[in-house]
Every structure is written in C-alpha cells, then in structure tokens.
Amino acid sequence: MIRIIDQFLHELKINGTAEKTITDYSKFLKNINRLKSLEKWEKTDVNKYILEKHNECFIGTVEICKVKLKRFFTWADKSEIVSHLNT
C-alpha cells in the first residue's frame, strides 16, 4: 500500500501541491496505514477513525482528517467509503 501512497503523493506534486501539504499527506497516510492497510479500509474503519479523533483532537483537526481521507480515497476509486463525510 505504500506504493499507492507514493503514487498519490506523486500526483499531488504533478498538480502543483505545496511541498508542506505533500509532507502532511505522507505522514497522515503512512500513520493510518499502520493502523490497518489502506487497501482494506471500509466505511466502518473511516467512521471509527473519525470518532476516535473527535475524542483526541480539536474539531478543526478532525475536519482536516476528513478532507484528507476523502481526497485520498476518492483518488483511489474508493469514494463510496467516504461519500458520507461532510467536508
């Protein structure tokens, strides 16, 4: 799955995304991939992650996580697992 993360980051770079944003996405995706391989994530995993973040973080941080999840999984053709997130 690290390969797909690298492909995603490469496309961000091609599209002119700032280096700091690419670094943030890299850290975020690699951290959540450690919890469970991103290839195996389902809607329930997304919901569980968001609920855990609500208990740990400020609402702004949770919203940033939602945006990152939605952007990645939409890019990876798994938009059905994040389509319910309001971002």
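Our subject is the structure that appears above.
Note that this is a predicted model, so its numbers are computed, not measured. (Residues numbered from 1 in each chain as written. Predicted model: local features only at pLDDT ≥ 70, side-chain atom pairs only at ≥ 80, totals over all residues. Heavy atoms only, no water.)

> I'd like to hear about the packing of aromatic side chains, residue by residue, with values.
Applying the stated criterion across every chain, the model contains 8 aromatic pairs. Ring centres of Phe28 and Tyr49 lie 6.1 Å apart, and the angle between their planes is 75°; on these two criteria the pair is classed as edge-to-face. Taken as a pair, Phe28 in helix 2 (residues 19-35) and Tyr49 in helix 3 (residues 43-56) lie far apart in primary sequence, 21 residues in all. Residue classification places Tyr49 among the buried residues on the basis of a relative accessible area of 9%. An aromatic cluster is present here, built from Phe8, Tyr25, Phe28, Trp41, Tyr49, Phe72, Phe73 and Trp75 joined pairwise through their rings. Positioned above the aromatic ring of Tyr25 is the side chain of Lys68, whose terminal nitrogen or guanidinium carbon lies 5.8 Å from the ring centre. (Phe/Tyr/Trp six-rings, centres within 6.5 Å; stacked < 30°, edge-to-face > 60°. Helix = DSSP H or I, 4+ residues; strand = E, 2+ residues; numbered from the N terminus. Buried < 20%, exposed > 50% of the residue type's maximum accessible area, 1.4 Å probe, protein only. Lys NZ or Arg CZ within 6 Å of the ring centre and 35° of its normal.)

> Got a sec to walk through helix 1 (residues 2-14)? Specific residues and values, please.
Counted at 1.5 Å a residue, the expected span for helix 1 with its 13 residues is 18 Å, and the 18 Å between its end C-alpha atoms agrees. Residues of helix 1 that are buried include every one of Ile5, Phe8, Leu9 and Leu12, and no others. Considered in projection along helix 1, the buried side chains sweep an arc of 95° and stay on one side of the axis. Summarising the geometry of helix 1, the exposed residues directed more than 90 degrees from the buried face are Arg3, Lys13 and Ile14. (Expected span 1.5 Å × (residues − 1). Arc of directions from axis to C-beta.)

> Please provide a residue-by-residue account of helix 4 (residues 59-75), values included.
With 17 residues, helix 4 extends 24 Å between its outermost C-alpha atoms, agreeing within 8% with the 24 Å of an ideal straight helix rising 1.5 Å per residue. When we look at burial in helix 4, the residues that qualify are Val62, Cys65, Lys66, Lys68, Leu69, Phe72 and Phe73. At the exit of helix 4 stands Asp77, carrying a positive phi of roughly 60°.

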